[in-house]
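Architecture and fold: a report
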Amino acid sequence: MKQLHLKGIIPPILTPLRRDGSVDTLALERLTQHLIKNGVHALFALGTAGEGPVLTHSQRRTALETIKSAVQRAVPLLVGILETSTERYIEVVKEVEKVGVDAVVVNPPFYFPVSQEEIVKHVLKIREATDLPLVLYNIPKYTGNPYTAETVHELAKVPGVIAYKDSSSDMVHFQEVLRLTKDMEGFSVLQGNHLLSIPSLLMGAAGLVPGLGNIIPKEMVELYNAVIAGDLPTAYRCHELVVKLDKLLAGDHYSLAMLKAMIEVLGFSDECVPHTPLPPLDNAMKTRLREFFAREQITGWAAN
């Protein structure tokens, strides 16, 4: 098993979809190249922002192969599988191994409530089934089954379990994971909530997995570099833009519809919609987005 140490900005890349349900491979190639050009440290495909849990088998395969081809080994490629059971997870792991990804992102099994003991067994069985490194993914809002800090600590001792991405927004939990794993060489703790970027990095997080990294990759990399360099004024200046964008995401609409519309407005695709049953953003809001991007000087594919 190769060594992989994750750090920096790792955007959970979106999956551009057309209204007919097809993956917009050209838009996905453009987005991948744009993120790499702006200095991101790795990419996370088919996560929550990438709509991994709702894509069809064919959509997932097309998206992953497109990203892999566009990456050209420029950065590590992580892939989320986000299945409900251990057996389904292992089945899909065998498929993504053939694509040649660098790590697999492992959520706890979901739908049915399970104990921490069963979550540990779930991860260990996946570990036995693949030589790919594993990244633990905590997103209890959707899975209903959280990783506790103690479970993360236990699993971090397993060879090949290399990182933990926390999207719980629970800073007490996040701090405890950092405390328990701080002396574990090669194990990375990553923050998934972009609003918690600066305090998380200051506390010792190795990196960030921000959905907004799709929209402002350059600024997110600048924020990360500034915190690492101790330049907090620059970091907080970048964070002001994060807050403004987050307010758009938290408005009276679906956040995935908003993120997809942002990609469309920034010129990566002529139409980019969320997976059904989520509705696309209306034209009036797209006009607001264009005005916002012009005001904030946020550029996309047209600037390449």
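Residues numbered from 1 in each chain as written. Predicted model: local features only at pLDDT ≥ 70, side-chain atom pairs only at ≥ 80, totals over all residues. Heavy atoms only, no water.

This paragraph deals with the overall build of the protein. Of regular secondary structure, the protein possesses twelve helices and eight strands. Relative to the compact-globule value of 19 Å for 304 residues, the protein shows a C-alpha radius of gyration of 18 Å, a close match. In terms of overall dimensions, the protein has a C-alpha envelope of 50 × 45 × 35 Å along the principal axes. Taking all 304 residues of the protein together, the buried fraction comes to 56%. Within the protein, residue pairs in contact and separated by at least 24 positions form 73% of the contacts whose partners lie at least 6 positions apart. The distance from the centre of the 30 positive side-chain charges to the centre of the 34 negative ones in the protein is 3 Å. (Helix = DSSP H or I, 4+ residues; strand = E, 2+ residues; numbered from the N terminus. Rg over C-alpha atoms; globule rule 2.2 N^0.38 Å. Buried < 20%, exposed > 50% of the residue type's maximum accessible area, 1.4 Å probe, protein only. Contact = heavy atoms within 4.5 Å. Lys, Arg positive; Asp, Glu negative; His and termini not counted. Charge placed at Lys NZ, Arg CZ, Asp CG, Glu CD.)

We now examine unusual backbone geometry. Here the residue pair Thr 276 and Pro 277 is connected by a cis peptide bond, since its omega of 15° sits within 30 degrees of zero. Its place among the elements puts Pro 277 in the loop between helix 11 (255–265) and helix 12 (283–296). Backbone geometry places Glu 51, a non-glycine residue, at a positive phi of 60°. For Glu 51, the location among the structural elements is in the loop between strand 2 (43–45) and helix 2 (57–71). Note on Glu 51: relative accessible area 2%, which makes it buried. A positive phi is found at Tyr 111, a non-glycine position, where the angle reads about 90°. Along the chain, Tyr 111 falls in the loop between strand 4 (103–106) and helix 4 (116–129).

The eight strands lie next to each other as 1-8-7-6-5-4-3-2, forming an open sheet whose pairing is parallel. Looking along the sheet, the strands with just one partner apiece sit at the ends: strand 1 (8–9) and strand 2. Taken together, the three bridges between strand 2 and strand 3 (residues 77–80) define a ladder with parallel strand orientation. Along strand 3, the bridge assignment pairs Ala 45 with Val 79. (Pairing = 2+ DSSP bridges.)

Evaluated as defined, the whole model comprises 15 salt bridges. A salt bridge links Glu 176 to Arg 179, with the shortest nitrogen-to-oxygen separation between them at 2.6 Å. Residue Glu 176 and its partner Arg 179 are located together in helix 7 (residues 171–181), separated by three residues, close to a single helical turn. For Arg 179, a relative accessible area of 47% gives the class partly exposed. Asp 183 serves as the salt-bridge partner of Lys 182, at 3.2 Å between the closest nitrogen and oxygen. With respect to class, Lys 182 is no different from Asp 183; both count as exposed. In the salt-bridge network here, residues are joined through shared partners; they are Arg 18, Arg 19, Asp 24, Asp 270 and Glu 271. (Salt bridge = Lys/Arg side-chain N within 4 Å of Asp/Glu carboxyl O.)

A word on the side chain of Asn 193. Tracing the backbone through its elements, the reader meets Asn 193 in the loop between strand 7 (188–191) and helix 8 (197–203). Owing to a relative accessible area of 19%, Asn 193 belongs among the buried residues under this scheme. If near-sequence neighbours (up to four positions away) are discounted, Asn 193 is found in contact with Asp 166 and Ser 169.

What follows deals with the packing of helix 1 (residues 25–37) against helix 2. At a closest axis distance of 9 Å, the pairing of helix 1 and helix 2 adopts a crossing angle of 40°. Considered as vectors, helix 1 and helix 2 are oriented oblique to each other. At the point where helix 1 passes helix 2, the crossing takes the right-handed sense. Between helix 1, through Thr 25, Leu 28, Glu 29, Thr 32 and Ile 36, and helix 2, the contact on the second element is made entirely by Thr 62, Ala 63, Thr 66, Ile 67, Ala 70 and Val 71. Of the residues that constitute the contact of helix 1 with helix 2, the class distribution is six nonpolar, four polar and one charged. (Axes fitted to C-alpha atoms, helices over the stretch in contact; angles between N-to-C directions. Parallel < 35°, antiparallel > 145°, perpendicular 65-115°, else oblique. Left-handed = near helix turned anticlockwise from the far one by under 90°. Nonpolar A, V, L, I, M, F, W, Y, C, P; charged D, E, K, R; others polar.)

Moving on, we get to the packing of aromatic side chains. Going through the model one piece at a time under the given rule, you end up with five aromatic pairs. Ring centres of Tyr 111 and Phe 112 lie 4.9 Å apart, and the angle between their planes is 85°; this geometry places the pair in the edge-to-face category. The class of Tyr 111 is exposed, set by a relative accessible area of 68%. Judged by its relative accessible area of 60%, Phe 112 is exposed. With centroids separated by 6.4 Å and ring planes inclined at 50°, the aromatic side chains of Phe 268 and Trp 301 adopt a geometry described as tilted. Taken together, the positions of Phe 268 in the loop between helix 11 and helix 12 and Trp 301 in the segment after helix 12 put the pair 33 residues apart, joining distant regions of the chain. Take Trp 301: its relative accessible area is 23%, and that puts it in the partly exposed class. (Phe/Tyr/Trp six-rings, centres within 6.5 Å; stacked < 30°, edge-to-face > 60°.)

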